[in-house]
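Analysis of the macromolecular model
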Amino acid sequence: MSGLASDQIYTLQDVPGKGKGLVAIKKISKGTRILSEEPTIIIPGNKLKIEQLQISIYQQVAALSEHQQRTFLSMHNIHPYRDAAERYLGIVQTNSLPAETDGDKGAVFLKACRINHACDNNAQKSWNEKIKRHTVHALRDIDKGDESQESDRRLEEIHRLDDVIDQLGTEGILVSPLRTLSYFDQQVRLYKEQEREDVGFAQALVNAAQLAIANSDLARGCIFAERAASVWKTTLGGDSAEAIKHGALAQDFSRLEPSDFEDWIWRREKLKKPGQLADFRYRATFPGCNNLPHENHIDPEFYATVDEFTHRPRRHWLFLGEIVNFGSLLRLQMTIKEVDSMTIPLFFYTEGRGSELEISLIQKGYTVAILYAEFHAFAFSEPGIRLEEPIHIKVFPLSLDKLLALSDRVPKFSMEINGTRICHGCDKQAASLNKCATCSLFWHCSRACQSTGWNEKAHKADCKLLKDTDLNRLFSLDWDDFKGHIGFPLNSVQ
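Below is a short write-up of the structure. The structure displayed is predicted, hence computed values, not measured ones.

Glancing now at the overall build of the protein. In terms of helices and strands, the protein carries 13 helices and 23 strands. Across the 494 residues in the protein, those meeting the buried criterion constitute 46%. In the protein, once contacts between residues fewer than 6 apart in sequence are set aside, the share between residues at least 24 apart is 63%. Accessible surface, the protein as shown: approximately 25,600 Å² in total, 49% of it carbon and sulfur.

The strand order across the open sheet formed by three strands is β4-β6-β5, and the pairing between neighbours is antiparallel. Lying at the two open borders of the sheet, with one neighbouring strand each, are β4 (41-43) and β5 (97-98). Both β4 and strand β6 (residues 106-108) contribute to a ladder of three bridges, which runs antiparallel. Looking at β6, one finds that I42 is bridged to A107.

In the structure shown here, the tally under the stated rule is 18 salt bridges. One salt bridge in this structure joins R315 and E301, with 4.0 Å as the shortest N-O distance. Linking R315 in the loop between β10 (311-313) and β11 (318-328) with E301 in the loop between α9 (258-265) and β9 (303-305), this pair joins segments that are 14 residues apart in sequence. Looking at R315, the relative accessible area reads 9%, which means it is buried. A salt bridge links K483 to D481, with the shortest nitrogen-to-oxygen separation between them at 3.6 Å. Residue K483 is classed as exposed on the basis of its relative accessible area of 74%. Among the ionic contacts, a cluster of salt bridges with common partners joins K394, D468 and D470.

To continue, consider the side chain of R421. Examined against the element boundaries, R421 turns out to sit in strand β18 (residues 421-422). Reaching out from R421, the side chain makes a polar contact with the backbone oxygen of S414 at a distance of 2.9 Å. Sequence-distant contacts of R421, defined by excluding residues within four places in its chain, comprise S414, M415, E416, K428, Q429, A430, L433 and W443.

Okay, the pairing of strand β7 (residues 123-128) next. Here β7 lies mainly inside the structure; six of its six residues are buried. Of the two faces of β7, the one lined by A123, K125 and W127 and the one lined by Q124, S126 and N128 are each fully buried. As paired elements, β7 and strand β8 (residues 133-138) share six bridges and run antiparallel to each other. Of the residues in β8, the one forming a bridge with S126 is T135. Taking the residues that link successive antiparallel strands as the turn, the β7-β8 hairpin has four residues, and the phi of K132 there is positive, at about 55°.

This part is about the packing of aromatic side chains. Aromatic ring pairs are defined here through the distance separating the ring centres and the angle between the ring planes. With the rule as written, the count across this model stands at 14 aromatic pairs. Relative to Y372, the ring of W317 has its centre 5.5 Å away and its plane inclined at 90°; by these criteria the two rings are edge-to-face. With a gap of 55 residues between them, W317 in the loop between β10 and β11 and Y372 in the loop between β14 (367-371) and β15 (375-376) connect regions that are remote in the sequence. You can call W317 buried: its relative accessible area is 0%. Through a chain of ring-to-ring contacts, three or more aromatic side chains come together here, namely F280, F286, F475 and W479. Taking the ring centre of Y349 as reference, the NZ or CZ of R331 above it sits at 3.9 Å. For the cation-ring pair, R421 lies above W443, with the distance from its terminal atom to the ring centre recorded as 3.9 Å.

On to the sheet that holds β14. With respect to topology, seven strands assemble into an open sheet ordered β15-β16-β13-β12-β11-β14-β17, the strand pairing being mixed. Each edge of the sheet is formed by a strand with only one pairing partner; in this case those strands are β15 and β17 (393-396). By the bridge criterion, four bridges tie β14 to β17 in an arrangement that is antiparallel. Directly across from A369, in β17, lies its bridge partner K394. In the packing of helix α10 (residues 400-414) onto the sheet, contacts are made with β11, β12 (332-338) and β14, and the angle to β11 comes to roughly 160°.

Turning to helix α1 (residues 50-62), a few remarks are in order. Counted at 1.5 Å a residue, the expected span for α1 with its 13 residues is 18 Å, and the 18 Å between its end C-alpha atoms agrees. On its buried face, α1 sits against β4, α2 (66-73) and α3 (84-95).

Quick notes on the rules
Residues numbered from 1 in each chain as written. Predicted model: local features only at pLDDT ≥ 70, side-chain atom pairs only at ≥ 80, totals over all residues. Heavy atoms only, no water. Helix = DSSP H or I, 4+ residues; strand = E, 2+ residues; numbered from the N terminus. Buried < 20%, exposed > 50% of the residue type's maximum accessible area, 1.4 Å probe, protein only. Contact = heavy atoms within 4.5 Å. Areas by Shrake-Rupley, 256 points an atom, 1.4 Å probe, with all protein chains shown as cover. Pairing = 2+ DSSP bridges. Salt bridge = Lys/Arg side-chain N within 4 Å of Asp/Glu carboxyl O. Polar contact = N/O pair within 3.5 Å; in protein donor to acceptor, adjacent residues only side chain to side chain. Phe/Tyr/Trp six-rings, centres within 6.5 Å; stacked < 30°, edge-to-face > 60°. Lys NZ or Arg CZ within 6 Å of the ring centre and 35° of its normal. Axes fitted to C-alpha atoms, helices over the stretch in contact; angles between N-to-C directions. Expected span 1.5 Å × (residues − 1).

Nothing here speaks to function; it is geometry throughout.
Take a look at the structure:
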C-alpha cells in the first residue's frame, strides 16, 4: 500500500504556523502505523556530479503523473533557481529523507516530506529497510484533532546526558560501567515521565544492553534488548530491522517483584531507610575515584539543575583514601589509595597550601576524607583530586581497611530493627539494652557483655576513635538531604 494503514484515520491539512501536518480524524492508538509510503523521487547514494544529479531528478519528475507533479512543485524550496532543473534539485535538497538504513541514499515522499517535523513529539518517522518504505507510527494515543505536542524541558536533560555519555566514551563502558548505566537509567526515566517512546528511548535501552553485554552481563543485556525491541515495534513496526534484531535476544527474567526487578536490572543502589546509619562501602555516598564527578562537566548523578546557569549538589558525598606517600615543595602533595585500590595524587590548592593540616596527622597509613571531591585532570601529573577548601578534608588516624571494618561493625551493633538491637558482647537480640556512654553507638545487655566487648571485641579501640565527633557524625549524617554545603568540623556549614 502507498499510504495509510487506514485512509480514514488522518487528513493532511495546513496547521497554522507550522505548515502541513497529519491531523487525526479519529483516535489513533499507540503503535499504529499511520503512514507507509514508497519513494517518489530517488537520490542515488553514490556521489553523482551535480549535472548528473539534476538530469536524474529531472527525468524522474517528468515521469510523474500530472497530480504528482503538482504536489511535488508545491513543496517548499529554500534554494534559488534559474530553470526547471535547478528548481527540481532545490526541492529535493530541501525535502529529501533517508531511503536506506546505512548509507546516504535519499528520497522524496509526497506525503511524508510535507509533514510538519513537530509531529515527531507524538509520531515517529523512519525508513523501513525490509519493506523499502517510509513509515510513520504513533508513539502514544493520539486523540481526534491532535497534530502535535510541544517538547518537554526533560528532552533538554536527555540531550545533556547524551553529551555527558559521549564525553566518557569507551572509559564509561569499560572503566565506569555503573555510572554510565545510571545515566541510561536517568534517560529512560525521563522518557517515561513524558510518555515519549521514540527512537531515542529505544536507543537508550540498546545502549544499556550493549553496556551490560560488554561487561559480561548477558542476562541484563538480553532484558534491555527485549525492552528495546518492544519500543522499536511501536516506533518503527514489528517488521523493522531493529525490532527483529533485538527481539531475537528476548528472554524471560520475570521472577523478581516488579520494584525489585527494576532496581536489579539498573543496578540501582538501595535507598537508605530513615534512621539507617551510613555504610562507608555505599558507593553512591562514598564513591571511589572512577565514580567521582569530573570537574569539567556537570554530572547529573551528583548535581541538580537550578536554572540554565546554576547547579547545586543533589546530596553530600565523601571520598575516602589512605595516605601511601606525601611530600611538599610548593604545596602539600599526597599519594592516596582509594577503595578500589587505585592510587591517585591529591594536591592542596588551599590558601595555606596544605599547612592547615596538623603535622601529626600527615602520616602514611592514615585515611583522608574529602567532602565534594571531584576528579581533576592535572597538566603536570596523573589525574587526581585538587583540594581548594581546607574545611572539606579530615584525616583519621587509622587505615582505610580498618575504617571500613569499623563501618561494618557500627550498623550491626547500633541499628534498632523491629524494636530490638544486637548486644556487642554476646550477639543476642534484645529489646532492652544499654548503650555505651562514650560513643553512643554500641549496645550491651550487661556489665559482663560490656566487658567482653571492650576487651575481646576491640571496642576499646573503636570507642577511642568514635570519640572524634566528626567520625561519629559520619554515621548519623543524612547524606541525601542537601540543604547547604557542610565542612569539618561537621557542625560547620558554608
